[in-house]
Amino acid sequence: MDTLLDRFLRYVKVDTQSDETSPSFPSTKKQLVLSKMLCEECEQLGLEDVTINEYGIVMATVPGNVDGDVPAIGWVAHVDTSPEFSGTNVKPVVHENYDGSDLVLPGDPSRVLRVSEEPRLKQMVGKTVITTDGTTLLGADDKSGVAVMMSAAAQLMGDPSILHGPIRLCFTCDEEIGRGIEKLNLEAFGVCCAYTLDSDGSGRIDSETFSADQAVITVRGVNTHPSVGKGVMVNAIRILSDLISSLPTETLSPETTDGRDGFIHPYHIEGGVAEASARLILRDFETEKLAEYAGLLDSLAEPLRQKFPRAEIKIEVHKQYRNMRDGLVKEPRALEKAIEATRAAGLEPKLDIIRGGTDGSLLTEKGLPTPNLSSGQHNPHSPLEWTTVEEMQQAVDVLVQLAILWGEER
């Protein structure tokens, strides 16, 4: 019988990195490998209504075992991992009975998970810590959530003494590039509210996320041989560099903000003399601020347009997701029961905000209230990513308690 650890180690070894430059859905076919695996495992567990669509979205039902008309709720996790660091050939390292010391990652000893830089490790002494070998990310974002959901479903299916209502499982693709629910049929999902398993640590309940847009800056210049470049060449690299370097650095950057502060973050740049482009993310808890950030980009570009009239500087802004705060009021029981279930699982609930987004942001915006719950992940999108078996098990316990509590609703 699979343990929680067995499931997690199996899932992280599947490369599911998404690609924001791809027009297809899912953006990478390799995500389908894990989706198909999960579909088969749901069937093996005896879940009902197991489906996988052409886009890799898997849904299944843990049937309720209580009398009466009980609302169905959903659990959601995403199979893809971040494009920001390699997810190919993941080699997880299991540190049993962790002793509290710094962890040197064996695949790249220059990468060290230091307790001084990651104080949460001090709380993990004696627990089972899982890291990467340092050459890839781990993929606990969000394969910890995937493993937690599958383990909770297995527990409910295997113990009929746990009385609960119907639970709908949903595994999405391309969450990391903001497209996780693009091909999800909400009517087919058929729940009154849902919970994403995509937050860090344990006992955390996220009821707010950033609102988010992406900005793409494209500079088109004029290229020629540098030997005859005088008066002819317009170097797109230099112009784009000037624009990026004019962004605020003491404020409005991830390096200088926390809490409720927003930011503008250039995270990818490419190109040559003739054309260069950069991708940036705009983030704030107040949605109206995003328009201000886009306006700032345009105001920084305008002097460069005047200085380089033969260049073209284009800024395109694309909506990504919105703060879930306002949409959660539609179903107040979603948060109330998350808090109650966390306490019932023996944890102190930590209501929090997330400086990022989840599938729940998009689901809530579409009318399905979806708070975000802990799944044990730490340091996502990084070769220093880690998790613990114990925190993942606590997330399983919260889901089981949620199932019980919702099963008492009439």
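What you see is a predicted model; the values in this text were computed from it and never measured.

## Notes on the domain arrangement of the protein chain
Taken as a whole, the protein chain is organised into domain 1 (4–209 + 323–408) and domain 2 (211–321). On a C-alpha basis, the centres of domain 1 and domain 2 stand 34 Å from each other. Every contact between the two is made by 14 residues of domain 1 and, on the other side, 15 residues of domain 2. Interface of domain 1 and domain 2: buried area, both sides summed, is about 1300 Å²; carbon and sulfur atoms make up 44% of it. Considering only the surface of domain 1 that becomes buried against domain 2, Glu 20, Asn 323 and Arg 355 emerge as the three largest contributors, covering 42% of it. Counting the contacts that link domain 1 with domain 2 gives 4 salt bridges. Residues Arg 279 and Glu 20 are paired through a salt bridge, measuring 2.6 Å at the closest nitrogen-oxygen approach. In this structure, the connection of domain 1 to domain 2 is made through 13 residue pairs in polar contact (both at pLDDT 80 or more). Sorting the residues of the side of domain 1 that touches domain 2 by element identifies β10 (204–209), β15 (350–354) and α8 (359–365) as the ones contributing at least two each. Top element by residues in the side of domain 1 that touches domain 2 is α8. It accounts for 3 residues. Among the residues making up the side of domain 1 that touches domain 2, the classes are represented as 3 nonpolar, 6 polar and 5 charged.

## A look at the layout of surface pockets
When its volume is computed, the largest pocket comes out at roughly 1200 Å³. By residue number, the principal contributor to the lining of the largest pocket is strand β12 (residues 263–271), which donates 4 residues. Looking at the lining of the largest pocket residue by residue, the classes come out as 12 nonpolar, 17 polar and 17 charged. Space inside the second largest pocket adds up to approximately 350 Å³. Taken together, 15 residues make up the lining of the second largest pocket; nearest its centre are Ile 177, Gly 178, Arg 179, Glu 182 and Lys 319. Of all elements in the fold, only β14 (312–321) and α8 reach the threshold of two or more residues within the lining of the second largest pocket. The residue makeup of the lining of the second largest pocket, split by class, is 3 nonpolar, 5 polar and 7 charged.

## Brief notes about the environment of Thr 132
Considering the arrangement of structural elements, one finds Thr 132 in the loop between β7 (129–131) and α3 (140–158). When the C-alpha atoms of Thr 132 and Ile 404 are compared, they prove to be 35 Å apart, with 272 residues separating the residues in sequence. Beyond its immediate stretch of four places on either side in the chain, Thr 132 contacts Lys 91, Val 93, Leu 105, Leu 137, Leu 138, Pro 383 and Glu 385. In terms of polar contacts, Thr 132 uses its side chain to reach the backbone carbonyl oxygen of Thr 136, at 3.3 Å.

## Points about unusual backbone geometry
Across the junction of Phe 25 and Pro 26, the peptide omega takes the value -5 degrees, indicating a cis bond. Tracing the backbone shows Pro 26 in the loop between α1 (4–12) and α2 (31–45). Note that the residue after Asp 141, namely Asp 142, is joined by a cis bond; omega there is 15 degrees. As for its placement among the helices and strands, Asp 142 is situated in helix α3. Residue Asp 49 is not a glycine yet carries a positive backbone phi of 55 degrees. Turning to its location among the elements, Asp 49 is positioned in strand β1 (residues 48–52). In this model, Asn 379 sits at a positive phi of 55 degrees, which is unusual for a non-glycine residue. Relative to the helices and strands, Asn 379 resides in the loop between β16 (372–377) and β17 (386–388).

## Describing α3
Since the α-helix turns once every 3.6 residues, residues separated by three or four places project in the same direction. For α3, spanning 19 residues, the distance from its first C-alpha to its last is 25 Å, which sits close to the expected 27 Å at 1.5 Å a residue. Burial runs high along α3: 16 of the 19 residues are buried.

## Structural notes on the nonpolar core
Counting 59 residues, the largest nonpolar core has Phe 8, Trp 75, Leu 169, Phe 171, Tyr 195, Leu 373 and Leu 399 as the members making the most contacts within it. Tallying contributions element by element places helix α9 (residues 389–407) first for this core, with 11 residues. Among all residues touching Phe 8, those that are not within four sequence positions of it are Ile 130, Leu 138, Ala 140, Lys 143, Ser 144, Ala 147, Thr 387 and Met 392. If you look at the next biggest cluster of nonpolar residues, it comprises 25 residues, including Ile 217, Ala 236, Leu 297 and Ile 313.

Parameters at a glance
Residues numbered from 1 in each chain as written. Predicted model: local features only at pLDDT ≥ 70, side-chain atom pairs only at ≥ 80, totals over all residues. Heavy atoms only, no water. Domains from an automatic or database assignment. Contact = heavy atoms within 4.5 Å. Buried area = accessible area lost by both parts, 1.4 Å probe. Salt bridge = Lys/Arg side-chain N within 4 Å of Asp/Glu carboxyl O. Polar contact = N/O pair within 3.5 Å; in protein donor to acceptor, adjacent residues only side chain to side chain. Helix = DSSP H or I, 4+ residues; strand = E, 2+ residues; numbered from the N terminus. Nonpolar A, V, L, I, M, F, W, Y, C, P; charged D, E, K, R; others polar. 1 Å grid on protein atoms, 1.4 Å probe; cavity = no way out; pocket = protein on both sides within 12 Å on 5 of 7 lines; lining within 4 Å. Points joined across faces, edges and corners; volume = space filled by probe spheres on them. Expected span 1.5 Å × (residues − 1). Buried < 20%, exposed > 50% of the residue type's maximum accessible area, 1.4 Å probe, protein only. Core = buried A, V, L, I, M, F, W, Y, C linked by side-chain atoms within 4.5 Å.

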